[in-house]
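Now for the letters of each chain:
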Amino acid sequence: TLPITVRSLSEAIGMKTGELSKRLLKETSQLYGNNSPVDFETAALIAVEKNIELIVKRQKTAEELLIEDFERLTREVDSEKLRPRPPVVTIMGHVDHGKTSLLDKIRRSNVAAGEVGGITQVIRAWSVTHKIEDPETGEKVIERPITFLDTPGHEAFTKMRARGANVTDIAVIVVAATDGVMPQTEEAVAHARAADVRIIVAINKVDAPNANVDRTRRQLYNLELLPDDMGGDIQFVETSALTGQGIDDLLNAILIEAEINLADDLQADPDRPAFGTCLEAYMTSDEGVMATVLVQQGTLKLGDIVLCGANFGRVRSMQNDLGLSIEEAGPSTPVLITGLGGVPNADDPFYAVDELTTAAKIAEAREKKDREASLNRFTAVKDIDMLSAA
Ligand code: GTP
Ligand code: MG
């Protein structure tokens, strides 16, 4: 790594080398030539006097470059092969505002009755099929799949909400009309905006005697969530997870959003090796590592070699959201898989790869990178090899 020199600092902050050497002499009581190294703290101090902030730019390690290359190549999709995929919708909002109840209701009215009893709630991600009328014939029923992710509203789960927002296309912000906007409502909106996902508002619990829909709406407007009649483009739906009121409206709103604002994004190539994101993972005594992953591109198949974060293995079993064994999973499908050699982190990317050796190589690079990242927190200052003026 290259140290900061008088010359590079002079260029970065726009101060003549002679003047800079004098300034350094005053600061450190040492003599400086043009190629003399300058320690970062001194350099930063002088830069600040010029209203310039020095930031450390570390050169990428061999491992980081290897991972970057691998990810770029593996994520390359052929735009000719893209086909529509279901929208991924995350339900977010303050604790107890009815997120899980809404999802339960949605699943109950859209999953065949026989299946409902048998649902094993191993994962908090579900595929649902919503039936809509064919706009042309007005009768034939079109089935539209939607993928839902549930997130907890408790304040301790900020990360999970941020993560939820990152893998989704649409965030449904659930606000109980009984409580109105609360801290995690605002936080959820912030996450959705940061992740640049479309927002739909569900004002829930409208059946409750103490529901105050108008007040709730006003509070939402204050967060600049505006419906079209107020100059915005946010869809508002009033729901009750108890009576089922508005559930159909919510599903329609999701499909409208998908059609009007997201049609170009909601595409994937189902005929390529899969990649996606780990939603959660844990160790079990009998099945080993179990990981819920969201397939985002391609189709994941039983027996595939997968790399997930710094872990890899062969997909030994695969279950869908109903707890049923399946052999393959296409785009926007959440699945529970076993077969990984270690527990990945939620948010880790996963890739189906051709060769075990590739998986092992990238997994090792990732492990090294993670290890170094934790060390670098203490040595970052020594790692300067480049200066940039911000
Ligand atoms: P967390 O996951 O803990 O953040 O909560 P949640 O948002 O998933 O809320 P949950 O669905 O668990 O519902 C919380 C409570 O509100 C439960 O007692 C539900 O029965 C009740 N509830 C949810 N939706 C409605 C509704 O539309 N009307 C009424 N009256 N009660 C509701
Ligand atoms: Mg819940």
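From a predicted model like this one, the values you see are computed outputs, not experimental measurements.

### Considerations on the confidence of the model for the protein
In the predicted model, the protein carries a mean pLDDT of 87, and 90% of its residues have values of at least 70. Throughout residues 111-123 the model reports pLDDT below 50, and contacts reaching past four residues in sequence, or to other chains, amount to 23 contacts. In the predicted structure, residues 377-390 sits below a pLDDT of 50 and forms 33 contacts with residues beyond four places in sequence or in another chain. Across the predicted assembly, pTM comes out at 0.81 and ipTM at 0.99.

### Description of the packing of aromatic side chains
A complete count under the given rule lists three aromatic pairs for this structure. A ring pair is formed by Phe-70 and Tyr-351, whose centres lie 5.1 Å apart and whose planes are at 80 degrees; its orientation type is edge-to-face. One end of the pair, Phe-70, is in helix α4 (residues 62-74); the other, Tyr-351, is in strand β17 (residues 349-353), and 281 residues separate them in sequence. Look at Phe-70 and you get buried, because its relative accessible area is 10%. On the basis of relative accessible area, Tyr-351 is assigned to the buried category, the value being 1%. Ring centres 6.0 Å apart and planes at 40 degrees place the aromatic pair Phe-275 and Tyr-351 in the tilted group.

### Things to note about the site of ligand 1
Near ligand 1 lie 16 residues; those nearest to it are Lys-99, Ser-101, Gly-153, Asp-207 and Ala-241. Between ligand 1 and Gly-98 there is a distance of 2.9 Å, counted from an oxygen atom to a backbone nitrogen or oxygen. A distance of 2.5 Å separates an oxygen atom of ligand 1 from a polar side-chain atom of Ser-101. In isolation ligand 1 offers 650 Å² of accessible surface; the protein chains occlude 71% of this area. With three residues, helix α5 (residues 99-110) is the largest single contributor of residues to the shell around ligand 1. Of the residues in the shell around ligand 1, the class split is four nonpolar, eight polar and four charged.

### Here's the deal with the sheet that holds strand β7 (residues 198-204)
Taken together, the six strands give an open sheet; going across it, the order is β4-β5-β3-β6-β7-β8, and neighbouring strands pair in mixed fashion. The sheet terminates laterally at β4 (125-133) and β8 (235-238), the two strands that pair on one side only. Averaged over all pairs of adjacent strands, the angle between their axes in this sheet comes to 30 degrees, without regard to strand direction. By the bridge criterion, five bridges tie strand β3 (residues 88-93) to strand β6 (residues 170-176) in an arrangement that is parallel. Note on β6: the bridge partner recorded for Thr-90 is Ala-171. Along the sheet, helix α8 (residues 183-194) contacts β3, β6 and β7; its crossing angle with β6, the most-contacted strand, is approximately 170 degrees.

Calculation rules
Residues numbered from 1 in each chain as written. Chains lettered and ligands numbered in written order. Predicted model: local features only at pLDDT ≥ 70, side-chain atom pairs only at ≥ 80, totals over all residues. Heavy atoms only, no water. pLDDT = per-residue confidence, 0-100. Contact = heavy atoms within 4.5 Å. Phe/Tyr/Trp six-rings, centres within 6.5 Å; stacked < 30°, edge-to-face > 60°. Helix = DSSP H or I, 4+ residues; strand = E, 2+ residues; numbered from the N terminus. Buried < 20%, exposed > 50% of the residue type's maximum accessible area, 1.4 Å probe, protein only. Near = heavy atom within 4 Å. Polar contact = N/O pair within 3.5 Å; in protein donor to acceptor, adjacent residues only side chain to side chain. Areas by Shrake-Rupley, 256 points an atom, 1.4 Å probe, with all protein chains shown as cover. Nonpolar A, V, L, I, M, F, W, Y, C, P; charged D, E, K, R; others polar. Pairing = 2+ DSSP bridges. Axes fitted to C-alpha atoms, helices over the stretch in contact; angles between N-to-C directions.

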